[in-house]
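Residue-level structure breakdown
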Amino acid sequence: MMYLTKVSLWDVVKKQFRFKLKSFRGMFTSLMILQVMALLFSLSGEGGGGGGTDMFSYDMKLYSGNIITAFMMIWALISAIVVTTQAYRFDDYTFVANRLSSHLANILFLGWASIIGGITTVLASQSLKLSVFFLKDREFVESQPLTVLQMAEGLAATILYLFLFTAIGYLLGMLVQRNKIFMVIIPGFLFGSLFLNVLLASESTLVIDIGQLFVRETSFLLFTVKVLLTSALAYAISAWISNSLEVRK
Amino acid sequence: MSIIFLLFMIILLMLSFGSFSNKFFAGRFMSGSGITKVFAGYFIILLVAGILSLMVSVEETFKGDYMTDKEIEQNDRLNSDIYATVESGKIDEAEGLTKKESWGFPLEGQMLDVTDMNQQSQIFIEKVNSLEEKVEVTHYTTYSYIDNMDITNRFASPDVQLTDSTLKIFPQDIVTIKLVKYTNAFPFTQFSEYGEQISNGYGMMQGMDFIYIMVPADTEVSGDGYVIN
């Protein structure tokens, strides 16, 4: 039997994307759990200081949304790795599709997850601020009250960071699918690098140096370009790697 | 501390994404529309909290101004010269002094005994020709700050009383400040053109206190304090 209906790539991508929205809902469960955990961690504060004289004493506790953001970055990274696993990739075989449509749908889904993750991260940080605000017997100071523009930039930057992490996660996931030895090499390199940085204090390591490329960028426009280019490169390499995989590998 | 935190974080992530989460959260309770409902509820809670946090007026919490780096540097420079200026009797020329409170007392006789119970302030006494049968006391202070938050106004002036010929300077109230500082996550501060409103690294600075007493020129002064002339 032959079918004459021509299905465009974009139609397939849209169908796959809609399917992924439903079937990957578990990711948002982990998002919630991690965000609540991050909020609880953040509530204990990030440090503090104090001092005084005979006539005067002060005590300051510090809070910030950094822990929540860091947790969400790890969530984005691991979520993207999970998307590349066999169980998730096999879902795509329920569609008349090719690898390109599958990748595009995955990128769309991870982009969508980054937006949801970014918005909830900002809202969770604001919830933390509200909780801190009502701490008894303490005066509240905000180190940088935000303007609407700064808030919009911050939200966009959070989403872009998460998207960058999904791209990296996707690449790492594909590398692991290509060769299982990366299951040992990647965590060893990543966590080893982080541990080294902690142990050697100020000694910089490669992972940290690469991170500085984004973290130290003060121009929002340049930051956006850097993130989008890096993400595009990571997704492109992932797609190239996946071409060398067997159909059901 | 960082290593422990990192390890703890990794364990938590394993718990979230590993078999534990599959067993307990990926079952019927969290599947299908259940997740959507729970997530929608979570999102609404966050949204309400987020909106509330924007409605809270930050200005109503900490009472104080923020000093610029330049003001703090200037204050530090002035602090190093101010004692010598006051000691030489040129308090009117001293820069960086804040006049907090003044008192005037009628003085009977030509004797004044100054009793300092404060220990915090430095007392200077100037004999002036323009005063007759009167003592004028003024409390001056230099800036006090935590980081770059001006807390000069938190310090009240000491109570000053004149009984017979004894001028008593009572101890100042002890000031306790408890603060909680919230900093936005780094993606929000990364592109900041002007930097943070609160500068870190200045620590705490308690300003100097001066009690400046002016008495008639023919008054014999005894007790605490440094007589300028």
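Residues numbered from 1 in each chain as written. Chains lettered and ligands numbered in written order. Predicted model: local features only at pLDDT ≥ 70, side-chain atom pairs only at ≥ 80, totals over all residues.

Topic: the overall build of chain B
The following threshold applies: Helix and strand definitions follow DSSP, with helices as H or I runs of at least four residues and strands as E runs of at least two, each counted in order from the N terminus. Partly exposed residues are those whose C-beta has more than 12 but fewer than 20 other C-beta atoms within 10 Å; 20 or more makes a residue buried and 12 or fewer makes it exposed, with C-beta atoms placed from the backbone. Residue pairs qualify as contacts under a 7 Å threshold applied to their C-beta atoms, which are placed from the backbone.
Each helix and strand in chain B was counted, giving 5 helices and 13 strands. Residues classed as buried in chain B amount to 29% of the 229 residues present. For chain B, long-range pairs separated by at least 24 residues make up 79% of all intrachain contacts whose partners lie at least 6 apart in sequence.

Remarks on the overall build of chain A
Helix and strand counts for chain A stand at 9 helices and 3 strands. Listing each helix as α and each strand as β along chain A from the N terminus yields α-α-β-β-α-α-α-β-α-α-α-α. Each of the 249 residues in chain A was classed as buried or not, and the buried ones make up 36%. Taking the contacts inside chain A whose residues are at least 6 apart along the sequence as the reference set, 77% of them involve residues at least 24 apart.

A look at unusual backbone geometry
Leaving glycine out, the prevailing phi sign among residues is negative, and the prevailing peptide bond configuration is trans. Residue and element names in this part refer to chain B. Of note in the backbone geometry, Glu133 takes a positive phi value of approximately 50° without being a glycine. Unusually for a residue other than glycine, Asp164 sits at a positive phi of about 55°. Tracing the sequence through the fold places Asp164 in the loop between strand 7 (160-163) and strand 8 (166-169). According to the C-beta neighbour criterion, Asp164 is exposed, with 9 such atoms within 10 Å.

Description of the interface of chain A and chain B
As a measure of interface size, the accessible area lost when the parts come together is often cited. Keep this limit in mind: When residues are sorted by character, Ala, Val, Leu, Ile, Met, Phe, Trp, Tyr, Cys and Pro go into the nonpolar class, Asp, Glu, Lys and Arg into the charged class, and all the rest, Gly among them, into the polar class. Here the rule is simple: two strands pair whenever DSSP picks up at least two bridges between them.
Counting residues at the interface gives 60 residues for chain A and 55 residues for chain B. When residues of the side of chain A that touches chain B are traced back to their parent elements, those giving at least two are helix 2 (26-43), strand 2 (56-64), helix 3 (66-83), helix 5 (99-133), strand 3 (139-142), helix 6 (148-178) and helix 7 (182-199) of chain A. Element by element, the count of residues in the side of chain A that touches chain B is highest for helix 5 of chain A, at 10 residues. Its residues placed into classes, the side of chain A that touches chain B shows 31 nonpolar, 20 polar and 9 charged. Summarising the sheet, strand 3 of chain A and strand 9 (residues 175-183) of chain B pair through 4 bridges and their orientation is parallel. Each residue of the ladder has a partner; that of Glu139 of chain A, found in strand 9 of chain B, is Leu179 of chain B.

Examining the pairing of strand 8 of chain B
Residues and elements named next belong to chain B. Here strand 8 shows a buried face lined by Leu167 and Ile169 and an unburied face lined by Thr166 and Lys168. Where strand 2 (residues 111-116) and strand 8 come together, 4 bridges link them in parallel fashion. By the bridge assignment, Asp113 is partnered in strand 8 with Thr166. The sheet contact formed by strand 7 and strand 8 spans 4 bridges and is antiparallel. Paired with Leu162 across the strands is Leu167, a residue of strand 8. Taking the residues between adjacent antiparallel strands as the criterion, strand 7 and strand 8 are bridged by 2 residues, where Asp164 takes a positive phi near 55°.

Section: the sheet that holds strand 3 (residues 122-128) of chain B
All names here are of chain B. Strand order in the open sheet made by the 5 strands is 1-4-11-3-13, with mixed pairing throughout. Either end of the sheet is taken by a strand with one partner, and the two such strands are strand 1 (98-106) and strand 13 (226-227). In this structure, strand 1 lies alongside strand 4 (residues 134-141), joined through 8 bridges in antiparallel fashion. In the strand pairing of strand 4, Glu101 is matched with His139.

A word on the sheet that holds strand 1 (residues 47-52) of chain A
Inclusion rule: Note on geometry: axes are C-alpha line fits, over the in-contact stretch for helices, and angles between N-to-C directions span 0 to 180 degrees.
One open sheet holds the 4 strands; their spatial order is 1(A)-2(A)-9(B)-3(A), and the pairing between them is mixed. Either end of the sheet is taken by a strand with one partner, and the two such strands are strand 1 and strand 3 of chain A. Direction aside, the axes of adjacent strands within the sheet are offset by 20° on average. The strands that helix 5 of chain A touches are strand 2 and strand 3 of chain A together with strand 9 of chain B; relative to strand 9 of chain B, the one it contacts most, it runs at about 170°.

Let's talk about helix 3 of chain A
Our working rule: Expected helix span is taken as 1.5 Å per residue step, with the number of steps being one fewer than the number of residues.
For helix 3 of chain A, spanning 18 residues, the distance from its first C-alpha to its last is 26 Å, which sits close to the expected 26 Å at 1.5 Å a residue. Within helix 3 of chain A, 14 of the 18 residues are buried, which leaves the element mostly enclosed by the surrounding structure.

Overview of the pairing of strand 2 of chain A
Bridging between strand 1 of chain A and strand 2 of chain A involves 6 bridges; their strand directions are antiparallel. If you follow Gly52 of chain A over to strand 2 of chain A, its bridge partner there is Ser57 of chain A. Pairing of strand 2 of chain A with strand 9 of chain B, which is carried by 9 bridges, proceeds in the parallel orientation. If you follow Asp59 of chain A over to strand 9 of chain B, its bridge partner there is Lys178 of chain B.

Quick look at the packing of helix 6 of chain A against helix 9 (residues 220-243) of chain A
Residues and elements named next belong to chain A. Operational definition: Angles below 35 degrees are treated as roughly parallel, those above 145 as roughly antiparallel, those between 65 and 115 as roughly perpendicular, and all remaining angles as oblique. When the near helix sits turned anticlockwise from the far one by under a right angle, the crossing is termed left-handed; a clockwise turn instead gives a right-handed crossing.
Following both chains from N to C, one finds helix 6 and helix 9 inclined at 20°, their axes separated by 9 Å at the closest point. As the angle between them shows, helix 6 and helix 9 are arranged roughly parallel. Note that helix 6 runs across helix 9; the crossing there is left-handed. Of the residues in helix 9, those touching helix 6 at Glu153, Ala157, Leu160, Phe163, Leu164, Ala167, Ile168, Tyr170, Leu171, Met174, Leu175 and Arg178 are Phe220, Phe223, Thr224, Val227, Thr230, Ser231, Ala234, Tyr235, Ile237, Ser238, Ile241 and Ser242. Counted by class, the contact of helix 6 with helix 9 contains 17 nonpolar, 5 polar and 2 charged residues.

Some points on the confidence of the model for chain B
Residue and element names in this part refer to chain B. Stated formally: Every residue carries a pLDDT, the predictor's confidence in it, which falls somewhere between 0 and 100.
In this model, chain B carries a mean pLDDT of 79, and residues with pLDDT of at least 70 account for 78%. The low-confidence segment residues 17-21, where pLDDT is below 50, has 7 contacts with residues more than four positions distant or belonging to other chains. Within the model, pLDDT remains below 50 along residues 24-30, and this stretch shows 9 contacts once partners closer than five positions in the same chain are excluded. Scored as a complex, the prediction yields pTM 0.76 and ipTM 0.80.

Overview of the packing of helix 3 of chain A against helix 5 of chain A
All names here are of chain A. Running from amino to carboxyl end, helix 3 crosses helix 5 at an angle of 160°, the nearest separation of the two axes being 10 Å. It follows from the interaxial angle that helix 3 and helix 5 lie roughly antiparallel. Considering the relative orientation of helix 3 and helix 5, their crossing is right-handed. Packed against helix 3, whose contacting residues are Ile68, Thr69, Met72, Trp75, Ala76, Ser79, Ala80 and Val83, the element helix 5 presents Asn106, Leu110, Ala113, Ser114, Gly117, Thr121, Ala124, Ser125 and Leu128 at the interface. Here the contact of helix 3 with helix 5 is built from residues that sort into 10 nonpolar, 7 polar and no charged.

Here's the deal with the environment of Ala185 of chain B
By the secondary structure assignment, Ala185 of chain B is in the loop between strand 9 and helix 5 (186-189). Note on Ala185 of chain B: 24 C-beta atoms within 10 Å, which makes it buried. Residues Ala185 of chain B and Met149 of chain B, spaced 36 residues apart in sequence, show a C-alpha to C-alpha distance of 21 Å. Those residues within four positions of Ala185 of chain B in sequence are excluded, and the remaining contacts are Ser64, Gly65, Asn66, Ile68, Thr69 and Ser125 of chain A.

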